[in-house]
Amino acid sequence: MSNYHIKHLEEYYQVYRKSVRNPESFWEEIAEEHFMWRKRWDNVLDWDFSKPEIKWFEGAQLNITENCIDRHLYTRGDKTAILFEPNDPKEEAEHITYRQLHERVSKFANVLKENGIKKGDRVCIYLPMIPELAISVLACARIGAIHSVIFAGFSATALATRVNDCKAKMVITSDGSYRGAKTIDLKGIVDEALEQCPGVQTVLVAKRINSKINMKAGRDKWLQPLLDDAYADCVPEIMDAEDPLFILYTSGSTGRPKGMLHTTAGYMVYTAYTFKNVFQYKEDDVYWCTADIGWITGHSYIVYGPLANGATTVMFEGVPSFPDYGRFWDIVEKHKVTQFYTAPTAIRALAKENLDYVTEHDLSSLKVLGTVGEPINEEAWHWYNDHVGKKKCPIVDTWWQTETGGVLISPIPFATPTKPTYATLPMPGIQPALMDENGKEIKGNQVDGRLCIKFPWPSIARSIWGNHERYKETYFSAFPGKYFTGDGALRDEVGYYRITGRVDDVIIVSGHNLGTAPIEDAINEHPAVAESAIVGFPHDIKGNALYGYVILKETGESRDRDNLRKEINQMITEHIGPIAKLNKIQFVPGLPKTRSGKIMRRILRKIACNETDNLGDTSTLLNPEVVKEIMDNVL
Ligand code: WTA
């Protein structure tokens, strides 16, 4: 009997125990019964966290798009695979059936091949949430090219850094994008970025907003005519289990963004399995995840996980506030959405608006609600539960990361009793550990510590692209033999986990991970700035907002402070993107430093959060006098 679909709590515990006692036979059984393989594996798992090296289903051959598309053609050919809801509600929604998806992916794959893309080549995708985004991802996977989707809110500099890091030969973009009432000139951003990317040979351009753009001769090509001429069948490339599937960049606490590398078979098995269980997906359900495919949530739970299960997955191009704050609920009603998955920041923003936006829509189709990306506060949880779920829909608070590929800790709806702000229990196969600062595991319940995972699961990232040493250093060196998540967590009296937040210098703003170092680097490029330090402080919608402490050079002292603030945020927008803008900027004469010259962010964080009763011992600082000065002028 397969353990693919868990339906009640007792079954969860049984399956969980089995998955921990014998992970290999557990995952082998699931892989065997629920997927299409061209060749069976020789070995289920080979791992060594000290190298680190992790291999799942070695020897197996497959193509993930055969699993996500082809095998459904016999039974679900006319079922909607992707339901595209455009930015403008007056534009008609598009239902793309599995058969149509097969044809569109095949054509796109043939266009990639005709433009010189082969197995192993990197293709960067910089597109809005239009069907071409999902289709181009799948087209890459069809031919074994490694896709790297770059969120279309990133700036030209951020795009260029990523394109160069993975040495992409091709960029796929569109003329522009719609975002509520605005349009964004995506192609202009690509043109600017590519001035710094000599390795890019081809740019494929989808038409979305019909704007006038420049097409660089010999490099830029309109996508549609190429698709019109392409052959509608494309034999899938046969991939080895551990062949790379994609690279997705995530912020580190220091340095350049990390290109997390995910491979084929394990990623497929784990995302499909968790999709089925975390959302209790049933054949006629209409599942909607509001994330952007530019983030891991979109990769795993808009594209791969749902399609591997033959699901109908909604793709929404727009924003929750356009044409008004009822848009999400309008879409739920219109498409009779059964599972709805979003971020706490969106819930908090919508909870601030008039409740009529919710109540005037029929939300009775909903069965399961989900959240992801940051801790959900109690108030937002209750609002979601009371007004959206009408107290009938379990909320799955899913904890996971770009690095983990899929959900690691989450309730299983209708099985695990939920508890506000708790991600609750580990998924089968996941062995969490809480560690103390001396590197010892803290056993028992009602404890808290740093969250590690003791044993590999199939969708763990295998490396950082081009920098395996950094992968080892970041995730496997703090607690040897374990994967370190960078998060803190507590375990309550029944063994439920609650994620308390990052313990490193990553700040989560509106669900986006932002490293402090890259933002500080951007600010320091301003000619009037000598030095800066960024910390997070609580914000009622974004979860966290950014507070910057900036030391000016002498030349900057006479400048108007508000203009400087604008210029600094402009600098950040250009280097990273508007998501990293600072909410508050305080100009300071110095930053509190240890005697070895390290900035004491802990103190700066407390000042920004107004927690100054308990600053701790500041006497050992190099410059204790600066602390009072900063406190006196806090914003
Ligand atoms: C945070 C998103 C609390 C966490 C899938 C993690 C969460 C980081 C939750 C990864 C949650 C994600 N509760 N915190 N349910 N989900 N996080 O890589 O700090 O964009 O390490 O992956 O988001 O963010 P990422």
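Residues numbered from 1 in each chain as written. Predicted model: local features only at pLDDT ≥ 70, side-chain atom pairs only at ≥ 80, totals over all residues. Heavy atoms only, no water.

Where an unreviewed UniProt entry is consulted, the chain appears under the name Acetate--CoA ligase, with the organism given as Saonia flava. Per its UniProt entry, the chain bears the Sequence similarities (unreviewed entry) comment "Belongs to the ATP-dependent AMP-binding enzyme family." (UniProt positions renumbered as here; feature names shortened; annotations may be inferred.)

Asker: What should I look at first to understand the packing of aromatic side chains in this one?
Answerer: Tallied over the full model, the rule gives 44 aromatic pairs. Geometrically, the ring pair formed by F328 and W329 is edge-to-face, given 6.0 Å between the ring centres and 90° between the ring planes. With respect to class, F328 is no different from W329; both count as buried. A network of ring pairs unites the aromatic residues W47, F49, F455, W457, Y471, Y475, F476 and Y483 as a single cluster. Taking NZ or CZ as reference, R162 lies 4.3 Å from the ring centre of F154, over its face. In this arrangement the basic side chain of K207 is found over the ring face of W222, its NZ or CZ atom lying 4.7 Å from the centre. (Phe/Tyr/Trp six-rings, centres within 6.5 Å; stacked < 30°, edge-to-face > 60°. Buried < 20%, exposed > 50% of the residue type's maximum accessible area, 1.4 Å probe, protein only. Lys NZ or Arg CZ within 6 Å of the ring centre and 35° of its normal.)

Asker: What's the story with the UniProt feature "domain: AMP-binding enzyme C-terminal" (unreviewed entry) in the chain in this structure? I'm lost.
Answerer: According to UniProt, the feature "domain: AMP-binding enzyme C-terminal" (unreviewed entry) maps to residues 519–598 in the numbering used here. Taken end to end, residues 519–598 is 26% helix and 31% strand, and its first and last C-alpha atoms sit 17 Å apart. (Helix = DSSP H or I, 4+ residues; strand = E, 2+ residues; numbered from the N terminus.)

Asker: Can you help me understand the sheet that holds strand β30 (residues 543–552) in this one?
Answerer: Sheet strands pair by backbone hydrogen bonding; their relative direction is either parallel or antiparallel. Reading across the sheet, the 3 strands line up as β29-β30-β31 and stay open at both edges, with mixed pairing between neighbours. Strands at the two margins of the open sheet, each flanked by one partner only, are β29 (529–539) and β31 (584–587). The mean angle between the axes of side-by-side strands here comes to 20°, regardless of whether they run parallel or antiparallel. In this sheet, β31 lies alongside β30 in parallel orientation, the contact comprising 4 bridges. In the strand pairing of β31, V550 is matched with F587. Against the sheet, helix α17 (residues 516–524) makes contact with β29 and β30, and its axis sits at roughly 135° relative to β29, the strand it touches most. Along the sheet, helix α19 (residues 601–608) makes contact with β29 and β30, crossing β29 at roughly 55°. (Pairing = 2+ DSSP bridges. Axes fitted to C-alpha atoms, helices over the stretch in contact; angles between N-to-C directions. Contact = heavy atoms within 4.5 Å.)

Asker: Quick question: what am I supposed to make of the nonpolar core here?
Answerer: Note on soluble globular proteins: their nonpolar side chains tend to be buried together. By size, the foremost hydrophobic cluster in this structure holds 123 residues, and its most contacted members are W37, F57, L101, L112 and Y304. Among residues more than four places away in sequence, those in contact with L112 are I117, A139, C140, I143, M170, I172 and L204. The next biggest cluster of nonpolar side chains, apart from the first, holds 47 residues, and it includes L261, I519, I534 and L564. (Core = buried A, V, L, I, M, F, W, Y, C linked by side-chain atoms within 4.5 Å.)

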